[in-house]
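# Summary of the model geometry
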Amino acid sequence: MAAAAMIAASVIELIPAALAIDSGWADSAVWLCAGFGVFAVIKLVSSLLQKHAAGLVGSTTVVTIALTLHNIPEGTAAVAAASTDLTTGIHTGIAIALQNIPEGLSIAALAFAAGSSRRWTFGLVAVSAIAEVLGAAGVWVNREVLSPEINSHMLLAVAAIMLAISFIELIPDGIRLLQLNGKTPKTPIIPTNK
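## Examining the overall build of the protein chain
- Counting secondary structure elements, the protein chain contains 6 helices and 0 strands.
- In sequence order, the protein chain lays out its α and β elements as α-α-α-α-α-α.
- Relative to its 194 residues, the protein chain shows a buried fraction of 39%.
- Counting contacts in the protein chain only where the partners sit at least 6 residues apart, residues at least 24 apart contribute 80% of the total.
- Counting every atom, the protein chain has about 10600 Å² of accessible surface; 74% of that belongs to carbon and sulfur.

## What to know about the nonpolar core
- Leu14, Ile15, Val139, Met154, Leu155, Met162 and Ile165 are the most contacted members of the largest nonpolar core, which totals 28 residues.
- Elements that contribute at least two residues to this core include exactly α1 (2–21), α3 (55–84), α4 (86–113), α5 (118–141) and α6 (148–180).
- Per element, the largest residue contribution to this core is 10 residues, and it comes from α6.
- The contact partners of Ile165, leaving out residues within four places of it in the chain, are Met6, Phe39, His70, Glu74 and Leu170.

## Things to note about the side chain of Glu103
- Inspection of the secondary structure puts Glu103 in helix α4.
- The contacts of Glu103, once residues within four sequence positions are left out, are Leu67, His70, Asn71 and Glu74.

## Description of α5
- The end-to-end C-alpha distance of α5, which contains 24 residues, comes to 33 Å, matching closely the 34 Å that a straight helix rising 1.5 Å per residue would cover.
- Of the residues making up α5, those classed as buried are Thr121, Leu124, Ala126, Ser128, Ala131, Glu132, Gly135, Ala136 and Val139.

## Here we look at the environment of Arg143
- The residue Arg143 is located in the loop between α5 and α6 in this model.
- Classification of Arg143 as partly exposed rests on a relative accessible area of 39%.
- With 63 residues separating them in the primary sequence, Arg143 and Ala80 have C-alpha atoms 8.5 Å apart.

## Section: a nonpolar patch on the surface
- There is a patch of nonpolar side chains on the surface, built from Val41, Val45, Leu49, Ile65, Leu69 and Ile72 and spanning about 420 Å² of accessible area.
- Contributions of two or more residues to the nonpolar patch are made by α2 (25–52) and α3.
- Residue Val41 is classed as exposed on the basis of its relative accessible area, which comes to 51%.

## Digging into the confidence of the model for the protein chain
- Per-residue confidence for the protein chain averages 78 on the pLDDT scale, and 87% of its residues sit at or above 70.
- Between the elements of the protein chain, mean pLDDT differs from a low of 76, seen in α3, to a high of 89, seen in α5.
- Counting contacts from residues 185–194, a segment whose pLDDT is below 50, to residues more than four positions away or on other chains yields 9 contacts.

Definitions and limits used
The written sequence of each chain sets the order in which its residues are numbered from 1. Totals for whole chains, interfaces and linings use every residue, but because this is a predicted model, local features are given only for residues with pLDDT of at least 70 and side-chain atom pairs only at 80 or more, for both listing and counting. By convention in this description, side-chain values take in all heavy atoms of the structure and omit both hydrogens and water. Under the DSSP-based scheme used, a helix requires at least four consecutive residues in state H or I and a strand at least two consecutive residues in state E, with every element numbered from the N terminus. Each residue is placed in one exposure class: buried if its accessible area under a 1.4 Å probe, protein chains only, is under 20% of its type's maximum, exposed if it is over 50%, and partly exposed if it falls in between. Contacts are assigned to residue pairs that have any heavy atoms within 4.5 Å of one another. All accessible areas in this document rest on Shrake-Rupley with a 1.4 Å probe, and a residue is counted as covered only by the protein chains that are shown. For our purposes a nonpolar core is just a set of buried Ala, Val, Leu, Ile, Met, Phe, Trp, Tyr and Cys residues, chained together by side-chain atoms within 4.5 Å. Expected helix span is taken as 1.5 Å per residue step, with the number of steps being one fewer than the number of residues. Patch members must show over 30% relative accessible area and no salt bridge, and they are joined within 9 Å when carrying like charges or within 5 Å when they are nonpolar side chains of Val, Leu, Ile, Met, Phe, Trp or Tyr. We define a salt bridge as a contact between a side-chain nitrogen of Lys or Arg and a carboxyl oxygen of Asp or Glu at a distance within 4 Å. One confidence number per residue, pLDDT, is output by the predictor and ranges from 0 to 100.

In structure tokens form, the structure reads like this:
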């Protein structure tokens, strides 16, 4: 569901809104590629960190860092979209909110499985959420200097990041979970002792 919301927001709202004010297909393609490049850098940093991560604590750290990094540009999307068109901003905000629920749950599940306290787990999820707020605040504070063309570039880059997350992360993970359905042990993921 999160992937569908992100794909819909990107294809139906962000990209058309950006193309309506951008200066041509070549310029738009550059900014879409820039978004895919940002996603590739985030994936590279995550994989490098994962090599040095030890067990569930390391995995929790890596997932938290990766999601925090990708939440910064996501935070800019809703504000940039709303400054272009309020309806686009609302739809983008809803799509981003829907896909943030499983992100927060993935951090929390890993943290609990690693034996983290509720307070520490809340802190990790909060760091990831705050990154999105900081991205949005950065755009909001500087909205006077943002031209329609800069908004367009931000929308295209964030749409590319959201599409990459959907097709490279969320959909394959969902397929793997569906394939594992029925093959996993029936023990709870979250310890009950905290």
